[in-house]
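# Remarks on the overall topology
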Amino acid sequence: MRTTKEQAELLDKLLGGGIDPELLLFALERGRELILNYCRLKELPAGLESTLLSLCVDIYRAEQPGKAQALGAVKGITEGDVSVSYGSAASAAENGGTAFLKDYTKTLDRYRKAGW
């Protein structure tokens, strides 16, 4: 399994490079937290490392940490007098990690422990 530094370097490459290392570490910790909490684990299994990196890419792109105000997804485009409207970036944050985990549940469910 890669070290946190190696994961941050790979995450930087996946995101296009030039990203503040502290923001990459934030995304990695956030992603790790989401996976560990969902799976009820104490440490991340090696088999979930690439899933962690994919989740971190999604987290970074959705939350855009380090920016004053993140734009949400494009909700509408008008061609006459050119207009583009964006959804709220907060909508991803309002749902917490569960919105991100929806795409990863099939993979994560193999590692999830029963909660008694």
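Remember, it's a predicted structure, so these values are computed and weren't measured experimentally.

### A few points about the overall build of the protein
- Along the backbone of the protein there are 6 helices and 2 strands.
- What you see in the protein, going N to C, is helices and strands ordered as α-α-α-β-β-α-α-α.
- Split into buried and exposed, the 116 residues of the protein put 34% on the buried side.
- Considering only contacts in the protein between residues 6 or more positions apart, those separated by 24 or more positions represent 60%.
- Of the roughly 7700 Å² of accessible surface on the protein, a fraction of 50% belongs to carbon and sulfur atoms.

### Considering the environment of Arg61
- Inspection of the secondary structure assignment puts Arg61 in helix H3 (residues 49–63).
- Separated by 46 residues in the primary sequence, Arg61 and Leu15 have C-alpha atoms spaced 8.4 Å apart.

### Some words on helix H2 (residues 21–39)
- Taking 1.5 Å per residue as the helical rise, H2 with its 19 residues ought to reach 27 Å, and the 27 Å between its terminal C-alpha atoms agrees with that figure.
- Regarding H2, the residues found buried are Leu24, Ala27, Leu28, Arg30, Gly31, Arg32, Leu34, Ile35, Leu36, Tyr38 and Cys39.
- Two or three places before Glu22, at the start of H2, stands the capping residue Asp20, its side-chain oxygen 3.0 Å from that residue's backbone nitrogen.
- Arg40, located one to two residues past H2, shows a positive phi value of around 60°.

### So, the pattern of salt bridges
- Scanning the model with the defined rule gives 2 salt bridges in all.
- Where Arg2 meets Glu49, a salt bridge forms, and the shortest distance between an N and an O atom there is 3.5 Å. A residue pair is termed long-range when its members are at least 10 positions apart, and Arg2 in the segment before helix H1 (4–14) and Glu49 in helix H3 qualify at 47 residues.
- Residue Glu29 is joined to Arg32 by a salt bridge in which the shortest nitrogen-to-oxygen separation is 2.8 Å. Pair noted here: Glu29 and Arg32 are both in helix H2, with a separation of 3 residues, about one helical turn.
- What makes Glu29 partly exposed here is its relative accessible area of 42%.

### So, the nonpolar core
- Formed by 24 residues in total, the largest nonpolar core has its most connected members in Leu11, Leu15, Leu28, Ile35 and Leu108.
- Residue assignment for this core shows that the elements contributing at least two residues are H1, H2 and H3.
- The element that contributes the greatest number of residues to this core is H2, accounting for 8 residues.

Conventions adopted
- Residues numbered from 1 in each chain as written.
- Predicted model: local features only at pLDDT ≥ 70, side-chain atom pairs only at ≥ 80, totals over all residues.
- Heavy atoms only, no water.
- Helix = DSSP H or I, 4+ residues; strand = E, 2+ residues; numbered from the N terminus.
- Buried < 20%, exposed > 50% of the residue type's maximum accessible area, 1.4 Å probe, protein only.
- Contact = heavy atoms within 4.5 Å.
- Areas by Shrake-Rupley, 256 points an atom, 1.4 Å probe, with all protein chains shown as cover.
- Expected span 1.5 Å × (residues − 1).
- Polar contact = N/O pair within 3.5 Å; in protein donor to acceptor, adjacent residues only side chain to side chain.
- Salt bridge = Lys/Arg side-chain N within 4 Å of Asp/Glu carboxyl O.
- Core = buried A, V, L, I, M, F, W, Y, C linked by side-chain atoms within 4.5 Å.

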